[in-house]
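Fold and contact review
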There are 2 protein chains.
Amino acid sequence: MRGAQGDLLRLVATGQAESRAELARLSGLAPSSVSLRVEELLDAALLVEEGAGTSRGGRRPRRLRVSPTAGLLAVADLGAHHARLALLDLSGVPLVVEERPCDIALGPETTLDWMAAAFDDLLRSHAPPGVPLRGVGTSVPGPVDPATGRVVSPSRMPGWNAFPVAEHLGAHYDLPVLVENDANLMAVGEARAWPGCDNLMVLKAGSGIGCGLIVEGRLHRGRGAAGDISHVRVRADSSAICSCGHPDCLEAYASGAALMGALADRGFAVHRPADVAALVADAVPEATALVRNAGRLIGEVLTVLVNFINPDAIVVGGSLSGAEPLISAVRAAVYERCLPLATRDLEIAVTRTGPDAALLGAGSLLLDAVLA
Amino acid sequence: MRGAQGDLLRLVATGQAESRAELARLSGLAPSSVSLRVEELLDAALLVEEGAGTSRGGRRPRRLRVSPTAGLLAVADLGAHHARLALLDLSGVPLVVEERPCDIALGPETTLDWMAAAFDDLLRSHAPPGVPLRGVGTSVPGPVDPATGRVVSPSRMPGWNAFPVAEHLGAHYDLPVLVENDANLMAVGEARAWPGCDNLMVLKAGSGIGCGLIVEGRLHRGRGAAGDISHVRVRADSSAICSCGHPDCLEAYASGAALMGALADRGFAVHRPADVAALVADAVPEATALVRNAGRLIGEVLTVLVNFINPDAIVVGGSLSGAEPLISAVRAAVYERCLPLATRDLEIAVTRTGPDAALLGAGSLLLDAVLA
DNA sequence: CCAACTTCCTTCGAAATCGAAGACAAGCCG
DNA sequence: CGGCTTGTCTTCGATTTCGAAGGAAGTTGG
């Protein structure tokens, strides 16, 4: 897909434009040029005309949509013990989402080959005939070097260090391949649900603590570890040594793994972070207190970042995001301690996208690669 | 200056391109189109051809420069007790730089009218005849709402709250007017001296502590207070209440003002932050210890931001930047505590631009406004 | 010194893009 | 119901931009 057409298709696919007139406004092209390009996209069966939109006082626009036959994207959100897999159409709408158990500790080759097989499986059972696969993407729970698509010193991924994930996955396909950190993809997916918020911090509170940063509407990658808040030193009464070797990292107190450990010490049966959220939902005092304390610690770290970045919103996702005391404590810390200018219009909210945020984010970034 | 020409002129003015061929490479336009546009800019006397550049193995390029007669920019860097004023040509090169005493506590009208008079003064004495003034800009030592050009709750600027600085200054001129926070402008100015570093944190250590953030080559403004690190809570032995009402803000321990206070308590005669740096240069133990401690505290705050943003470099400027122990302590804290991935290629250095950074930054942003 | 190669810049026909004007299709309103 | 207004989309000549080819002015290397 070359330049101008790609831009137009992207605007339709991302839901920013639904008519030729909107395309003209957003793309900066002349209405006549837009008509020509759209005509070509219709001929190529990448776009379809679908009825009429709502009038804004004049003639009703002819609604444009990405054709369901334009192509599919296969995406995965890879966790430590299970992966969510999905097929999306080019506008990012899921045809099918599945969660399957897996184990990243088996190493990259095994895991990625398993993933490719799972994608084939989904395509066989759910892809309409004749619709081509156009891109493949996955999240990984660790830092990814944006230049090379390699995983870099991931603490939760034994055996994966410096493994060329994108390259290995790409060997199965002659297609654009995307590999990105899970919190980053979650941020991208979430960003589409927050129109008007160009600067967004998306916290992933799961068994680890991650954060994705959207600046001016675009994912901020840094050197691959951007968004890390796990290893910030927090003010704690006791003293814990983190796996990174430093004392009192946020992760050692406020991560899902830390909370699970603390609850297990007190005799609760918790096997995954969602179990912690469940205990909180059941109003178990120990769990609530621990989660609230975790939220306070996270919130105190976020104050620094909110003052510095001035985001439009902080969105909390991940399997602990269902624990209301966590969000409340984050809110309390941020609103109490940050500059008024930074919090005046700051929204702190739970995910609008739900558990598929990273899958949708992968679709969004993949679309860019496909239409490049 | 309309679009395409503006882009080309900007590339030459910012020193990114010196020949038609470079313009073609950087602008994405076809060589033939570049030649046409350059011809028009030469006819309009905005560009001049000036000899030949150095060959890169083939025909030598014909070097292009912005004409010295193309226009001037009047810029100021406004401090609490003095202002630096300059006239720049459109490529950002100063014709004249002066420092004059002033007092922002006299209020916005008085100060800004004084500034306009000072600009007129400079223009009379230093502007070549017939060269038009094309833009006016100033820094202010406080947050600026990017949308309105108003100062917002500035702690060091009594009487300025919500004052429409850009509007008032604009009444003197029928020209683009720029008003921006001082640390932000410093960051923009510094960024041009760090080619290849697209993500930059620029620390201004003066009587206050400010920070400007460059992301993907562009200034990050947030809601106007972005870059603030003054009011981060630090781990301190004693307890001090900051002017913002919270305990143990960084500013209360590590700002030039705080250091001056501490030194004055010990009987030293210090009247401006540079005096602190001078004491350190004279190896006065009390001053060195205080400055080193300030650097450590600042560095600890920066660790959070470095992990989160992964900048390419941290640049330290401001009147305390000459104090070597400050930089060393910042370096020590950041390199010790940050993630290896974040510090692997991180440079922590003193300003390359010197005291005129904010003036040059103002010129850089003004150029964008002039060529819009 | 002279060919071979590089890079820079221009020339000129082809192609893409624009923009003004108008056709088209609604809602609004007495 | 029939103007009136508003917004959408297309037509078509004018303009801009492109791109391939070639000339100009160097360097490099036998």
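Residues numbered from 1 in each chain as written. Chains lettered and ligands numbered in written order. Predicted model: local features only at pLDDT ≥ 70, side-chain atom pairs only at ≥ 80, totals over all residues. Heavy atoms only, no water.

1. What about the interface of chain A and chain B?
We count it as follows: Residues are treated as being in contact if the distance between any of their heavy atoms lies within 4.5 Å. Once two parts are put together, the accessible area they lose, assessed with a 1.4 Å probe and summed over both, is termed the buried area. Just to be clear on terms, a salt bridge is a Lys or Arg side-chain nitrogen sitting within 4 Å of an Asp or Glu carboxyl oxygen. Pairing of N or O atoms within 3.5 Å defines a polar contact, subject to two protein rules: one partner must be a possible hydrogen donor and the other a possible acceptor, and residues neighboring in sequence count only if both atoms are side-chain atoms. What counts as a helix is a DSSP run of H or I of at least four residues, what counts as a strand is a run of E of at least two, and both are numbered from the N terminus. Amino acids are sorted into nonpolar (Ala, Val, Leu, Ile, Met, Phe, Trp, Tyr, Cys and Pro), charged (Asp, Glu, Lys and Arg) and polar (every other residue, Gly among them).
The interface of chain A with chain B comprises 43 residues on the first partner and 43 residues on the second. Interface area for chain A against chain B, summed over the two sides, is near 3900 Å², with a carbon-plus-sulfur share of 59%. Here chain A and chain B share 4 salt bridges between them. Here B:Asp345 makes a salt bridge to A:Arg223, at a shortest N to O gap of 3.9 Å. Our count for the contact surface shared by chain A and chain B stands at 16 residue pairs in polar contact (both at pLDDT 80 or more). Every element with two or more residues in the side of chain A that touches chain B is listed here: β11 (209–215), α10 (285–309), α11 (324–337) and α12 (340–343) of chain A. A breakdown of the residues in the side of chain A that touches chain B according to their chemical character gives 21 nonpolar, 9 polar and 13 charged.

2. So, the protein's contact with DNA strand D
Using the following cut-off: Nearness of a residue to a molecule or strand requires only that one of the residue's heavy atoms be within 4 Å of it.
Near DNA strand D lie 23 residues; those nearest to it are A:Ser35, A:Arg59, A:Arg62, B:Ser33 and B:Arg37. At the protein interface, 66% of the atoms of DNA strand D within 4 Å belong to sugar or phosphate. Note that a phosphate oxygen of DNA strand D is positioned 3.2 Å from one of the side-chain N or O atoms of A:Arg20. Side-chain polar atom of B:Ser32 to a base oxygen of DNA strand D: 2.7 Å apart, as the coordinates give it. Contributions of two or more residues to the surface near DNA strand D are made by α2 (20–27) and α3 (31–43) of chain A together with α3 (31–43) of chain B. Broken down by class, the residue content of the surface near DNA strand D amounts to 5 nonpolar, 10 polar and 8 charged.

3. Description of the domain arrangement of chain A
How big an interface is tends to be stated in terms of the accessible area lost upon association of its parts. Stated formally: These domain boundaries are the output of an automatic or database domain assignment.
Domain parsing of chain A yields domain 1 (3–66), domain 2 (72–188 + 357–370) and domain 3 (195–352). Relative placement of domain 1 of chain A and domain 3 of chain A: their C-alpha centres are 40 Å apart.

4. Observations concerning the relation of the copies chain A and chain B
Rules: The fit set for superposing copies consists of C-alpha atoms from residues with pLDDT of at least 70 in both; the fit itself is least squares.
Least-squares fitting of chain A to chain B yields an RMSD of 0.1 Å, with the transformation described by 0.0 Å of translation along the axis and a rotation of 180°. Expressed as a symmetry operation, the mapping of one chain copy onto the other fits a two-fold axis. No C-alpha of chain A lies nearer the rotation axis than that of A:Leu305, which sits 3.5 Å from it. Mapped onto chain B, 100% of the interface residues of chain A are again interface residues, and the two copies thus contact each other with one and the same surface.

5. Comments concerning the pattern of salt bridges
Residues and elements named next belong to chain B. Just so we agree on the cut-off: Here's how the labels work: a residue is buried when its accessible area is under 20% of the maximum for its type, exposed when over 50%, partly exposed in between, all with a 1.4 Å probe on protein chains only.
Tallied over the full model, the rule gives 40 salt bridges over all chains. Between Arg 20 and Glu 49 there is a salt bridge, with its nearest N and O atoms 2.7 Å apart. Of this pair, Arg 20 sits in helix α2 (residues 20–27) while Glu 49 sits in strand β1 (residues 47–52), placing them 29 residues apart in sequence. Judged by its relative accessible area of 17%, Arg 20 falls in the buried class.

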